[in-house]
Amino acid sequence: MGIVFHARDVRLGRDAALKCPWPHLASDPVSRHRFLRESKAASRITHPTIVPVFEVFEERDLPWIAMEWVDGATLTDVLSGGEPLPVDEIIVHAEDLTDALRAAHAKGVLHRDIKPGNVLIGKDGRARLTDFGLARFFSAEGEASQQSTNSSQLTKEGKIVGTIAYMSPEQLLGAEPDPRTDIFALGVILYEMCTAKAAFSPTPQWDVYQAVQRKEPVAIGRLNYAVPRALERIIRKAIARRPEERYQDARDMLADVRALKRRRASGDFDPEEEFGSRRRASWTVILASSGALALAVAAWIAWHRGDPAPVVLGTPRQITSAPGTEHDPAISPDGTLIAYASDEGGGSHIWLIDAHGGNPLRLTGDPAADRRPTWFPDGSALAFVSDRGGRDAVWKVPALGGSPTLVVPDADGPAVSPDGRRIAFMRTPANGDPRIYLAPVAAPEAASPLTKDGVGQWGQFDPAWSPDATRIVFADSAHIWIADPTAHTARQLTDGVVADTRPAFSSDGTHVYFGSMRDGTLALWRVSANGGSPERLTYGTGPETTPTIDRAGRRMAFTSFNSDADVGLRNMITGSQVRLSSPAYETAPAIAPDGTRVYFCSGRWGGVMGLAAQSIADGKPTGPVERLTEWNAALPRVSPDGRWLAFWRIVDGQRDIWLMSSRGGEAIRFTDDPAADIQPAWSPDGAKLAFVSERGGTPHIWVEAVAEGRAIGTASRVTSGPDFDSSPEWSPDGRSISFVRKIDGIGEIFVVQIDGRALRRVTHGADAQRLRWLAPPSGLFASGVWGGSTFDVRRVDLGTGRAAALSPPLTGTDPSSALFDLDRNGRMLVSMISETRGDVWILEAPPGTF
């Protein structure tokens, strides 16, 4: 628009920046108005990190603005060297700029053009915000009457102004801007400070406009491992695509930035929380010789035999980038191809891509959901899981496409032995949890269990063969196990309360790789096949899981598959929904009977999934989220009077029901049986708790009296038999309990009287997960799959078993989508709102590394 001079104010003896438009623009009334608007916007705000306007005047028929002279450079110049800024410097700049936004928004001013060129970094190290030429006035809180008269439409209706790479998605669509648009732009700037790369840049698949609208930026931790997770979480929340998922006010973002700054300044800074555990490991970050950012490199000490052996990894390379979710990668034995599952184009299908990237090939196209591919050892074909026959089964398809053929019915998670003769898979018997089975590929009907009963906690999952076919590794609900398929024995390889998942053997069989949340974020780990302490391989900023290794041990593919789950609150009368957004993983929501508080399990305070509470007023969150526990807890339920929380937790390896005040405090153990006790449910009068217990060997429904947070008497069993029972829920009159029973692997809804009599089946084919029972006419609500491939909450007619979807429907693909709760009147429903994202990545190293 014009030119800026370095001037001297001779009256006051100070330097100044003197700004004027080009003469041809000064003669245009619109351009002249826009130029002078900057002075009006900036003059409203007095703040040390906003460049102040000293004076506005006219000379030679040109408007002039005299501003503070900042001795330094623009952020664009600072970042031009291609290197990220030091972390502590970024945090200082984040505080300065966020505080500047707070001050501007408090005065009813939206900047609308926050970008590196409009940020000045002085030689004093302070960042200053300048150039309010595209600013817009809005009605700020507390100034409604004043702003309503001064608010002006600074651009034509629907016209987009600003710099595209820093504009929020809604701003690009011409929507009415608000403070969250400025917060988005600031988050993009902070991303560049951390990485020296644009968050949204053109690629062969995307132009800048599409990138902002649809593409997820590469995780900061992949580009700069020096950035602490807490800072990345702040930035991720600021640049959330949906406005309701961002910081709603610059004050909230400023509070988080200052809290992080205080922790680092005071020394109350836990490297394990911010960067991951270095437990008995030697971690090394190696800088590229070209001066690029730190490579995704780690080194660890081998604990099995011999001297410490560092393993150096190269930079992870992204293989897929489609708008859909790519997951379940499987690298071919020769390492040249990667199969994976993706919902690109709708549905779930098996795709194939070259290990160097390029255009993928879709191998399957049936309307059914196809997933979990695995290679036959000669690389000629792939086994995969599909429900195209009505139930999950293992199918086979040629590597370059063709007609799939059935391999093993009623099976999941296939793994073909290195000689191609046997197949390991998961199957759920009618009376228990999933178990690993073995069968000849040529005779699947001869399948038999891999191990005897009692091995694994809450099921066996994800089998994988060792290279010599002498061992099979698998996971239970939390641990990795290693089994001898000949002796049918197994030993536990990892321990702890955080789930270790999707194991895979190294190419030489000496180590097992797996995904784990051990340090509060999902990352890749490895452990010696002989046992020992697991060592972390990646920093988990993707997050990363599902490692798959080629035969030579030179390539490892994995996925950054991530389920972003937030707690959502729906008004059942109006259909409106509010999302309690957090960059941390949260799950298992419960609502107080009067609808004034929501409880859930949250990982926002580190690796612990503790209990948290959010107060609710008029169906919307009010006040901060409260932390109730500093230890893991699961599936909270609120007592009818709202005073107590029941939940289950693991202490000394034992799962029990615990109780505590709904306002926090000391937890009281309710059950103390060696068997696992989970899933508590309060009776309508609050005098009893139903729960699921494995006492007797098979999970059934039990009931025990309770008063003032403590157990009274002894527990009594309500259900029995060989089938697996779960998810108890009391009828409104307290005389019956509904629950879910596994029938041929499908969760069906049953109702039984409290004394165990009059057992009645309600549904057929529901595959139900969770139940809530309200007084008529609302009846029973249940989440289930209902014959499809997504979770869906429906109203169930207890007489006919028919299920009617909610309007609008409440669905999701992530298992957390099945978790929901209702207040006592059925007016407010709390549930999980989950979105899955994922891409396939690859690491390359010298042969034998993996």
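Please read these numbers as outputs of a predicted model, since none were measured by experiment.

K.L.:
What am I meant to see in the overall build of the protein chain here?
P.N.:
Regarding its fold elements, the protein chain presents 12 helices and 59 strands. Going through the 850 residues of the protein chain one by one, you find that 56% of them count as buried. Considering only contacts in the protein chain between residues 6 or more positions apart, those separated by 24 or more positions represent 48%. Surface summary for the protein chain: the accessible area is close to 34600 Å², and the carbon and sulfur share equals 51%.

K.L.:
What exactly am I supposed to notice about unusual backbone geometry here?
P.N.:
Its identity as a non-glycine residue notwithstanding, Asp410 has a phi of 50°, on the positive side. Considering the arrangement of structural elements, one finds Asp410 in the loop between β18 (405-408) and β19 (412-416).

K.L.:
I would appreciate a short explanation of the packing of helix α4 (residues 87-106) against helix α7 (residues 179-195) in the present structure.
P.N.:
If you want to describe how two helices pack, look at the angle between their axes and the distance between the axes. Between α4 and α7, the shortest axis-to-axis distance is 11 Å and the interhelical angle comes to 165°. By the angle between their directions, the pair α4 and α7 is classed as roughly antiparallel. As α4 runs across α7, the sense of the crossing is right-handed. Contacts between α4 and α7 involve Ile90, His93, Ala94, Leu97, Thr98, Leu101 and His105 from the first element and Pro179, Asp182, Ile183, Leu186, Leu190, Met193 and Cys194 from the second.

K.L.:
Can you help me understand the packing of α7 against helix α10 (residues 229-238) in this one?
P.N.:
The contact between α7 and α10 brings their axes to 8 Å, and the two run at 140°. The angle between α7 and α10 falls in the class oblique. Seen along the crossing, α7 lies across α10 with a hand that is left-handed. Of α10, the residues touching α7 (which contributes Ile183, Phe184, Gly187, Leu190, Tyr191 and Cys194) are Leu231, Ile235 and Ala238. Looking at the contact of α7 with α10 residue by residue, the class counts come to eight nonpolar, one polar and no charged.

K.L.:
I tried to follow the packing of aromatic side chains on my own but got confused; where do I start?
P.N.:
Each aromatic ring pair is characterised by the separation of its centres together with the angle its planes make. Taken as a whole, this structure holds eight aromatic pairs when the rule is applied. Relative to Tyr437, the ring of Phe425 has its centre 6.1 Å away and its plane inclined at 15°; by these criteria the two rings are stacked. Taken together, the residues span a long stretch of sequence, with Phe425 in strand β20 (residues 422-427) and Tyr437 in strand β21 (residues 435-440) at a distance of 12 residues. With a centroid separation of 6.5 Å and an interplanar angle of 85°, the aromatic rings of Phe670 and Phe691 are classed as edge-to-face. Placement of Phe670 in the loop between β43 (668-669) and β44 (677-682) and of Phe691 in strand β45 (residues 688-693) is noted, with a sequence separation of 21 residues between them. A relative accessible area of 5% places Phe670 in the buried class. Within the aromatic cluster, the residues linked to one another by ring pairs are Phe5, Phe57 and Trp64. The ring centre of Phe376 lies 4.5 Å from the NZ or CZ of Lys396, which sits over that ring.

K.L.:
How should I be thinking about the pattern of salt bridges in this particular structure?
P.N.:
One side chain can pair with another of opposite charge once the charged atoms of both are near each other. Taken as a whole and judged by the stated rule, the model has 44 salt bridges. Lys19 is paired through a salt bridge with Asp131; the nearest N and O atoms lie 3.9 Å apart. Within this pair, whereas Lys19 is found in strand β2 (residues 14-21), its partner Asp131 is found in the loop between β8 (127-129) and β9 (136-137), the two being separated by 112 residues in sequence. Under the relative-accessibility criterion, Asp131 is labelled partly exposed at 24%. Its salt-bridge partner being Asp412, residue Arg371 comes within 3.0 Å of it at the nearest N-O pair.

K.L.:
Help me understand the pairing of strand β12 (residues 337-342), please; the structure alone is not making it clear to me.
P.N.:
Side-chain direction in a regular strand flips from residue to residue, so the side chains alternate between the two faces of the sheet. Of all six residues in β12, five are buried; the element is thus mostly enclosed. With four bridges joining them, strand β11 (residues 326-331) and β12 adopt antiparallel strand pairing. Residue pairing for β12: His327 is matched across the bridge by Ala341. Between β11 and the antiparallel strand that follows it, β12, lie five residues; Gly335 among them carries a positive phi value of about 80°. Two elements, β12 and strand β13 (residues 349-354), share six bridges in a ladder whose sense is antiparallel. Paired with Ile338 across the two strands is Ile353, which belongs to β13. Hairpin connection from β12 to β13: six residues lie between these consecutive antiparallel strands, with Gly345 at a positive phi of about 80°.

K.L.:
When you look at the nonpolar core in this model, what are you seeing that I'm missing?
P.N.:
A general tendency of soluble globular proteins is for nonpolar side chains to be buried together. Ranked by size, the top nonpolar core spans 59 residues in total, and within it Val598, Leu611, Leu645, Phe647 and Leu689 carry the most contacts. Looking at this core, the element that brings in the most residues is strand β41 (residues 644-651), giving six residues. With residues up to four places along the chain from it excluded, the contact list for Leu611 reads Phe600, Cys601, Glu626, Arg627, Leu628, Thr629, Ala633, Pro636, Leu645, Phe647 and Met660. In terms of nonpolar packing, the next biggest core, distinct from the first, is built from 52 residues, Ile90, Val119, Tyr191 and Phe200 among them.

K.L.:
What is the right way to look at the sheet that holds strand β26 (residues 489-492) in this model?
P.N.:
Two pairing modes exist for strands in a sheet, parallel and antiparallel, and in both the strands are linked by backbone hydrogen bonds. Pairing in this open sheet of four strands is antiparallel, and the strands run β23-β24-β25-β26 from one edge to the other. Either end of the sheet is taken by a strand with one partner, and the two such strands are β23 (461-465) and β26. Pairwise comparison of adjacent strand axes, ignoring direction, gives a mean angle of 25° for this sheet. Bridging between strand β24 (residues 472-475) and strand β25 (residues 480-484) involves four bridges; their strand directions are antiparallel. By the bridge assignment for β25, Ile472 is matched with Ala483.

K.L.:
Explain the sheet that holds strand β59 (residues 840-844) to me, please; I cannot follow it from the model alone.
P.N.:
Taken together, four strands build an open sheet; the order of strands is β10-β59-β32-β31 and the sheet is antiparallel. Single-partner strands in this sheet number two, and they are β10 (317-318) and β31 (545-549). Pairing of strand β32 (residues 555-559) with β59, which is carried by five bridges, proceeds in the antiparallel orientation. Paired with Ala557 across the two strands is Ile842, which belongs to β59.

K.L.:
What am I meant to see in the environment of Gly765 here?
P.N.:
Relative to the helices and strands, Gly765 resides in the loop between β51 (760-761) and β52 (768-774). C-alpha of Gly765 to C-alpha of Gly784: the two residues are 19 residues apart in sequence and 9.4 Å apart in space.

K.L.:
Is there a simple way to explain the confidence of the model for the protein chain in this structure?
P.N.:
The predicted coordinates should not be examined in detail at positions where pLDDT is low. Scored by pLDDT, the protein chain comes out at a mean of 83, with 86% of its residues at no less than 70. The low-confidence segment residues 141-160 (pLDDT under 50) makes 32 contacts with residues lying over four places distant or belonging to another chain.

K.L.:
Please explain α7 as it appears in this structure.
P.N.:
Within an α-helix, residues lying three or four positions from one another point in the same direction, as the helix has 3.6 residues per turn. Taking 1.5 Å per residue, 17 residues should reach 24 Å; α7 reaches 25 Å between its end C-alpha atoms and fits that length. The buried fraction of α7 is high, at 17 of 17 residues. Residue Ala196 follows α7 closely and has a positive phi angle near 60°.

K.L.:
What should I look at first to understand the side chain of Asp550 in this one?
P.N.:
Relative to the assigned elements, Asp550 resides in the loop between β31 and β32. For the buried Asp550, no salt bridge is present, and the opposite-charge side chain at shortest range is Arg554, 4.0 Å distant. There is a polar contact of 2.8 Å between the side chain of Asp550 and the backbone nitrogen of Gly553. With residues up to four places along the chain from it excluded, the contact list for Asp550 reads Ile331, Ser332, Pro333, Asp334, Gly335, Ser507 and Arg555.

Criteria and cut-off values
Residues numbered from 1 in each chain as written. Predicted model: local features only at pLDDT ≥ 70, side-chain atom pairs only at ≥ 80, totals over all residues. Heavy atoms only, no water. Helix = DSSP H or I, 4+ residues; strand = E, 2+ residues; numbered from the N terminus. Buried < 20%, exposed > 50% of the residue type's maximum accessible area, 1.4 Å probe, protein only. Contact = heavy atoms within 4.5 Å. Areas by Shrake-Rupley, 256 points an atom, 1.4 Å probe, with all protein chains shown as cover. Axes fitted to C-alpha atoms, helices over the stretch in contact; angles between N-to-C directions. Parallel < 35°, antiparallel > 145°, perpendicular 65-115°, else oblique. Left-handed = near helix turned anticlockwise from the far one by under 90°. Nonpolar A, V, L, I, M, F, W, Y, C, P; charged D, E, K, R; others polar. Phe/Tyr/Trp six-rings, centres within 6.5 Å; stacked < 30°, edge-to-face > 60°. Lys NZ or Arg CZ within 6 Å of the ring centre and 35° of its normal. Salt bridge = Lys/Arg side-chain N within 4 Å of Asp/Glu carboxyl O. Pairing = 2+ DSSP bridges. Core = buried A, V, L, I, M, F, W, Y, C linked by side-chain atoms within 4.5 Å. pLDDT = per-residue confidence, 0-100. Expected span 1.5 Å × (residues − 1). Lys, Arg positive; Asp, Glu negative; His and termini not counted. Polar contact = N/O pair within 3.5 Å; in protein donor to acceptor, adjacent residues only side chain to side chain.

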